[in-house]
Amino acid sequence: MALEHGSLGHRLARTLVPPLFWGLARGLDVTCRWQEDRLPAMATTANGRPFIAAFWHYSLLPILMQARRRHRWVAMVSASADGEFAARILQRIGCAVVRGSGGRDKGGVAALKAMVGQMADGRSAAIVADGSKGPARQVQAGVIVLASHTGLPILPVAAAASRFTTLGSWDRTLLPAPFSTIALVAGEPLSVPGHLDATGREHYRQDLEARLNGAYQEAWARFGRQGHSPDG
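Each value, and the rule that gives it
Residues numbered from 1 in each chain as written. Predicted model: local features only at pLDDT ≥ 70, side-chain atom pairs only at ≥ 80, totals over all residues. Heavy atoms only, no water. Helix = DSSP H or I, 4+ residues; strand = E, 2+ residues; numbered from the N terminus. Contact = heavy atoms within 4.5 Å. Salt bridge = Lys/Arg side-chain N within 4 Å of Asp/Glu carboxyl O. Core = buried A, V, L, I, M, F, W, Y, C linked by side-chain atoms within 4.5 Å. Buried < 20%, exposed > 50% of the residue type's maximum accessible area, 1.4 Å probe, protein only. Pairing = 2+ DSSP bridges. Axes fitted to C-alpha atoms, helices over the stretch in contact; angles between N-to-C directions. Phe/Tyr/Trp six-rings, centres within 6.5 Å; stacked < 30°, edge-to-face > 60°. Parallel < 35°, antiparallel > 145°, perpendicular 65-115°, else oblique. Left-handed = near helix turned anticlockwise from the far one by under 90°. Polar contact = N/O pair within 3.5 Å; in protein donor to acceptor, adjacent residues only side chain to side chain.

Asker: Give a detailed account of the side chain of Arg205, specifying residues and quantitative values.
Answerer: Mapped onto the fold, Arg205 is located in helix H7 (residues 198-221). When neighbours within four sequence positions are excluded, Arg205 is seen to be in contact with Val139, Ala141 and Ile144.

Below, the structure is given as structure tokens:
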């Protein structure tokens, strides 16, 4: 049952969930075995410059577990009440947070400007490519707009685990099992030119989606699976 915003239960959850999530992430980080191609190593494709790490929502936990190790990060988080949980978790690992969406309304434009400003200060961006509500594994245009404005490359990243469970959410959020092996796989970086029209944005959106899904398939193939669905 959803907690009413501002209720005692919601306030308690807002206080308790971020440290509990962080404790879970640290426990998994200690017990799990990571394959060599980690996110920090992949970032060398940007030649030391800030970059945009794009990944699917299902892989948020393992990506955050690695992202905290190096680099200064900024992430865009929904301005909704539910986004407060994610914002507090990200701030706990030292990530700057911009509240808003990648849309083209007034709030979205302001959030985009804030992201550009943070990246100009040397932070790399962590972007959930399919957004906070999906559809799952379908790129939303915001990441393309951000890359077009900054001129920085997008690094598509996918995660997989040898043993795991999934939540019953729209994206089937991945929870690696303790003592499992976790692989992070990067696709080819994507450079996006500036001043794109709608046709250009759609072209690069489809290109990024193909690269992300290619990395997704490669990551899960390492464990003899086609994906993270229960029958995968």
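Now that the structure is up, let's keep going.
Asker: How would you summarise the pattern of salt bridges if you had to cite specific residues and measurements?
Answerer: One pass over the structure, following the stated rule, counts five salt bridges. Ionic pairing is found between Arg205 and Glu209, a salt bridge with its closest N-O pair at 2.9 Å. Separated by four residues within a single helix, Arg205 and Glu209 lie in helix H7, roughly one turn from each other. When the shortest N-O distance is used, the salt bridge between Glu218 and Arg222 registers 3.5 Å.

Asker: With reference to specific residues and values, describe the nonpolar core.
Answerer: Within the largest apolar cluster, 36 residues are counted, with the highest numbers of intra-cluster contacts made by Ile52, Val143, Ile154 and Leu208. Elements with a contribution of two residues or more to this core: strand E2 (52-55), strand E4 (96-99), helix H5 (106-120), strand E5 (124-128), helix H6 (142-150), strand E6 (154-161) and H7. A per-element tally of this core places H7 first, with seven residues. Those residues within four positions of Leu208 in sequence are excluded, and the remaining contacts are Ala54, Val139, Val143, Ile144, Ile154, Pro156 and Leu190. Listed in part, the 27 residues of the second largest apolar core include Leu90, Ile93, Val157 and Ala159.

Asker: Which residues make up the sheet that holds E5, and what are the values?
Answerer: The sheet built from seven strands is open, its strands ordered E1-E9-E6-E2-E5-E3-E4 with mixed pairing. At either end of the open sheet lies a strand with only one pairing partner, and these are strand E1 (33-34) and E4. As judged from the three bridges shared by E2 and E6, these two strands associate in the parallel manner. Residue pairing in the sheet places Ile52 in a bridge with Ile154 of E6. Its contacts with the sheet put helix H4 (residues 83-92) on strand E3 (73-77) and E4, and the angle it makes with E4 is roughly 160°. Sheet contacts for H7: E2, E6 and strand E9 (181-186); angle to E6, the most-contacted strand, approximately 30°.

Asker: For the packing of aromatic side chains, give the residues involved together with the corresponding values.
Answerer: Given two aromatic rings, their pairing is described by the distance between the two centres and the angle made by the two planes. A complete count under the given rule lists three aromatic pairs for this structure. Judged by centre distance (5.5 Å) and plane angle (90°), the rings of Tyr58 and Tyr216 are edge-to-face. Of the two residues, Tyr58 sits in the loop between E2 and helix H3 (60-67) while Tyr216 sits in helix H7, which places them 158 residues apart along the sequence. Residue classification places Tyr58 among the buried positions, given a relative accessible area of 1%.

Asker: If you had to explain the pairing of E4 to someone new, which residues and values would you point to?
Answerer: One face of the sheet, then the other: side chains in a regular strand alternate in exactly this way. Here E4 shows a buried face lined by Ala96 and Val98 and an unburied face lined by Val97 and Arg99. In this sheet, E4 lies alongside E3 in parallel orientation, the contact comprising four bridges. Looking at the pairing, Ala75 lines up with Val97 of E4.

Asker: Summarise the packing of H6 against H7; cite the residues concerned and give the values.
Answerer: One can describe the packing of H6 onto H7 by two numbers: an axis separation of 9 Å at closest approach and a directional angle of 110°. Of the possible angle classes, the one that applies to H6 and H7 is roughly perpendicular. As H6 packs across H7, the resulting crossing turns out to be right-handed. Side by side, H6 and H7 meet where Val143, Ile144 and Val145 of the first sit next to Arg201, Tyr204, Arg205 and Leu208 of the second.

Asker: Before we move on, could you go through H3 and cite the residues and values that matter?
Answerer: Among the eight residues of H3, seven are classified as buried, and the element is accordingly described as predominantly covered. Turning to H3, its buried residues number three or more, namely Leu61, Pro62, Ile63, Leu64, Met65, Gln66 and Ala67.

Asker: Can you lay out the environment of Gly151 for me, pointing to particular residues and giving the numbers?
Answerer: Residue placement: Gly151 occurs in the loop between H6 and E6. With a relative accessible area of 45%, Gly151 lands in the partly exposed category. Separated by 40 residues in the primary sequence, Gly151 and Ser191 have C-alpha atoms spaced 7.3 Å apart.

Asker: Summarise the side chain of Gln35; cite the residues concerned and give the values.
Answerer: Checked against the element boundaries, Gln35 lands in the loop between E1 and helix H2 (39-42). Of the polar contacts made by the side chain of Gln35, one reaches the side chain of Arg222; its length is 2.7 Å. If near-sequence neighbours (up to four positions away) are discounted, Gln35 is found in contact with Thr181, Ile182, Ala183, Arg222 and Phe223.

Nothing here speaks to function; it is geometry throughout.
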